Amino acid sequence: RALRWRPIQPERPAGDSKYDVLCKEEFIELKDIFSVKLKRRYSVKQQGSGTLLGITLFICLKKEQNKLKDSTLDLINLSEDHCDVWFKQFKKILAGFANRPKSLKIILNPQSHKKEATQVYYEKVEPLLRTAGIKTDVTITEYEGHALSLLKECELQEFDGCCILSVLFSSVVCVGGDGSASEIAHALLLRAQKNAGKETDRILTPVRAELPLGLIPAGSTNVLAHSLHGIPHVVTATLHIIMGHIQPVDVCTFSTTDKFLRFGFSAMFGFGGRTLALAEKHRWMSPNQRRDFAIIKALAKLKPEDCEISFLPFISSQDLQERKVEGSPKSGDKDQWQTIQGQILNVSIMAIPCLCSVAPRGLAPNTRLNNGSMALIIARNTSRPEFIKHLKRYASVKNQFNFPFVETYTVEEVKVRPRTNSAPNLEEDAGRHAAASENNFPWNVDGDLVEVASEVHVKLHPRLINLYGGSMEEM
Ligand SMILES: Nc1ncnc2c1ncn2[C@@H]1O[C@H](COP(=O)(O)OP(=O)(O)OP(=O)(O)O)[C@@H](O)[C@H]1O
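About the cut-offs
Here the residue numbering is sequential within each chain, running from 1 through the sequence in written order. pLDDT decides what is reported in this predicted model: residues at 70 or higher carry local features, side-chain atom pairs at 80 or more are listed and counted, and totals for whole chains, interfaces and linings draw on all residues regardless. Note that water and hydrogens are dropped before the side-chain values are worked out from all heavy atoms of the structure. Lining residues are those with an atom within 4 Å of a point, where the points come from a 1 Å grid over the protein atoms alone and group into cavities, where a 1.4 Å probe fits but cannot get out, or pockets, open sets with protein on both sides within 12 Å along at least five of seven lines. Grid points are joined across faces, edges and corners, and a volume is the space filled by probe spheres set on the points. Runs of H or I in DSSP of at least four residues are treated as helices and runs of E of at least two as strands, each being numbered from the N terminus. Note on residue categories: nonpolar means Ala, Val, Leu, Ile, Met, Phe, Trp, Tyr, Cys or Pro, charged means Asp, Glu, Lys or Arg, and polar means any other residue, Gly included. Two residues form a contact once any of their heavy atoms are found within 4.5 Å. Per-residue accessibility, obtained with a 1.4 Å probe over protein chains only, is compared with the maximum for each type, and a residue is labelled buried under 20%, exposed over 50%, and partly exposed between these values. The rule for pairing is simple: two strands pair if DSSP sees at least two bridges between them. Working definition of a nonpolar core: buried Ala, Val, Leu, Ile, Met, Phe, Trp, Tyr and Cys residues. They are joined through side-chain atoms within 4.5 Å. Where helices are involved, their axes are fitted lines through C-alpha atoms of the stretch in contact, as for all axes, and angles between N-to-C directions lie from 0 to 180°. Our working definition of a disulfide is a cysteine sulfur pair at a distance within 2.5 Å. Only heavy atoms are used to decide nearness, and a residue is near a molecule or strand if one of them lies within 4 Å of it. To measure how exposed things are, a 1.4 Å probe is used in the Shrake-Rupley method; for residues, cover is taken only from the protein chains shown. Under this definition, polar contacts are N or O atom pairs within 3.5 Å; protein pairs additionally need one hydrogen-donor-capable and one acceptor-capable atom, and for neighbouring residues in sequence, both atoms have to be side-chain atoms.

(A) Quick look at the layout of surface pockets. Empty space within the second largest pocket amounts to approximately 390 Å³. Taken together, 17 residues line the second largest pocket, and the ones lying closest to its centre are Trp 5, Arg 6, Asp 74, Leu 75 and Ile 76. When residues of the lining of the second largest pocket are traced back to their parent elements, those giving at least two are strand E1 (2–5), strand E4 (51–62), strand E5 (68–76) and helix H2 (80–95). The element that contributes the greatest number of residues to the lining of the second largest pocket is E5, accounting for four residues. Here the lining of the second largest pocket is built from residues that sort into ten nonpolar, three polar and four charged.

Encoded structure:
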């Protein structure tokens, strides 16, 4: 389980041995090692494999604030035979970690953030994967939706004519922002439904994704990676993949009354949807600029949406059990839909905590990655200054929900139905529904603009996909 050693001070000419006593025993856990190599010194004149110096262990260290860091440990020994025995033994131990991926399909969005995803990958990620001995195959996406068609249509024929993703790769890795990450998670889940012979027009009880997904944060928003790793840090994300730290994560299905729309982890309707719609209209601005511009413009045009929100409260199996014991009339009855109506400024529906730079504790701090429930946060109509105060609280340590116009629920399902029969009027209110095409309301689903005319039904599916990341308990 662990490797223990006591460092030896270099021999001193005087033969002074008191330093041996001073050196304390040190140790590492074997589960923190991710690679082993023979350490050799090469000189210009020398031919062949160089002079053996010992073995080097590559290890993953836990640092402050959920950060992981790679490091090395040199064990010096000049005997070829001795080092060979240790090298082989370490290799055997490493091969025994079944969760660690051996081959990765990397999907990289070169346009993410300020177009630095390629550089991030080749400078920080690829060298670590190479050291860990993980095979990689990189696709650099060429257009919007490329990742989806690659995974959905299985455009992977070039690999030995075989297109069974799970045969070729142990996992998929996304290098990009939330848009790419969510697109790839959606594609993997769609693929799983197809492979299981399920229809994808209406998805009620989806099957789990077959392959785990790794997320390297390289976008302008990295809420998914941040929530998963506790920090948007590239080396941490890479080491979670290498070490095989798998987390089953809850996923939502988004559907209209007659059609499945997509899989996703979080959504905003009202102010959150309109802000994204405005930002998308100003793509020519830099990511931060267009985000700030859109928030200011959406605040200037702040108006509530008249809607009806129905939801199914989450009842834990423990609560259900207690109710049965108490003989409550509601015992065993999970289907207790509740309805709220009125003027609503914003609705957030979140299956994961949604950590981000503007909300370090998360947009939904009480939700976990896989607690089988999602947060429903409703901001009813209020004055602009009060709403701004509520938004500002996300960045502070104070409770952002402690306002009379904010309501929070822990739910399993939500239906949001705008009650305006007429379509949002672009001419009357250009700012309010700026990017909503005719008859459509803008939704922000994992940072993607989704336009829907009618009711949207969001349903949580516990632990539907495996993602690489740190355990919330440890964070
Ligand atoms: N080569 C490409 N050209 C244009 N768009 C692309 C390309 N490759 C991927 N995309 C699309 O870019 C979208 C956003 O990407 P991503 O989330 O990785 O970056 P981002 O900088 O965080 O973006 P955003 O600012 O929109 O959140 C994805 O939906 C993806 O389909």
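(B) Quick look at the environment of Leu 128. With respect to the element layout, Leu 128 can be found in helix H3 (residues 117–131). Spatially, the C-alpha atom of Leu 128 lies 14 Å from that of Gly 244, the residues being 116 residues apart in sequence. Every residue in contact with Leu 128, bar those within four places of it in the chain, is listed here: Phe 34, Asp 70, Val 235, Thr 238 and Ile 242.

(C) Structural context of helix H9 (residues 271–281). Counting buried residues along H9, nine of its eleven residues qualify, which places the element largely inside the surrounding structure. Considered for burial, the residues of H9 that qualify are Phe 271, Gly 272, Gly 273, Arg 274, Thr 275, Leu 276, Ala 277, Leu 278 and Ala 279.

(D) Geometry of the pairing of E5. The pairing of E4 with E5 spans nine bridges and is antiparallel. In the sheet register, Ile 59 faces E5, and the bridge partner there is Ser 71.

(E) Main features of the nonpolar core. Of all hydrophobic cores here, the largest spans 56 residues; its most connected members are Ile 184, Leu 213, Phe 265 and Ile 465. It is helix H6 (residues 178–195) that contributes the most residues to this core, seven residues altogether. Sequence-distant contacts of Ile 184, that is, excluding residues within four places in its chain, are made with Ile 107, Ala 147, Leu 151, Val 172, Cys 174 and Leu 213. One finds Leu 68, Leu 104, Val 125 and Ile 242 within the second-largest nonpolar core, a separate group that totals 27 residues.

(F) The sheet that holds E5, seen in detail. The antiparallel open sheet is built from three strands, whose spatial order is E3-E4-E5. The outermost strands of the open sheet, each flanked by one partner alone, are strand E3 (33–41) and E5. Here the average twist between neighbouring strands, direction ignored, is 25°. Together, E3, E4 and E5 form the strand contacts of H2, whose direction differs from that of E3 by roughly 160°. Its contacts with the sheet place helix H8 (residues 234–242) against E3, E4 and E5, and it is angled at close to 60° to E5.

(G) Quick peek at the state of the cysteines. Tallied over the entire structure, the rule returns zero disulfides. Free of any disulfide, Cys 174 has its nearest neighbouring cysteine sulfur in Cys 354, separated by 16 Å. Classification of Cys 174 as buried rests on a relative accessible area of 1%. Not engaged in a disulfide, the cysteine Cys 356 finds its nearest cysteine sulfur in Cys 354; these two sulfurs lie 7.5 Å apart. Taking relative accessible area as the criterion, Cys 356 reaches 12% and is therefore assigned buried.

(H) Focus on the site of the ligand. Taken together, 20 residues lie near the ligand, and His 113, Ser 180, Glu 183, Ser 220 and Arg 283 sit nearest. Protein coverage of the free-state accessible area of the ligand, which is 630 Å², stands at 83%. Top element by residues in the shell around the ligand is H6. It accounts for four residues. Its residues placed into classes, the shell around the ligand shows one nonpolar, 13 polar and six charged.

(I) Representation of the environment of Arg 100 in the model. Here Arg 100 is to be found in the loop between H2 and strand E6 (103–108). Ignoring anything within four residues of it in the chain, the contact list for Arg 100 reads Lys 31, Ile 33, Phe 34, Leu 94, Ile 242, Met 243 and Gly 244. Polar contacts involving the side chain of Arg 100 include one to the main-chain carbonyl oxygen of Lys 31, which spans 2.7 Å. Within the structure, Arg 100 has its side chain in polar contact with the backbone oxygen of Met 243 (distance 3.5 Å).

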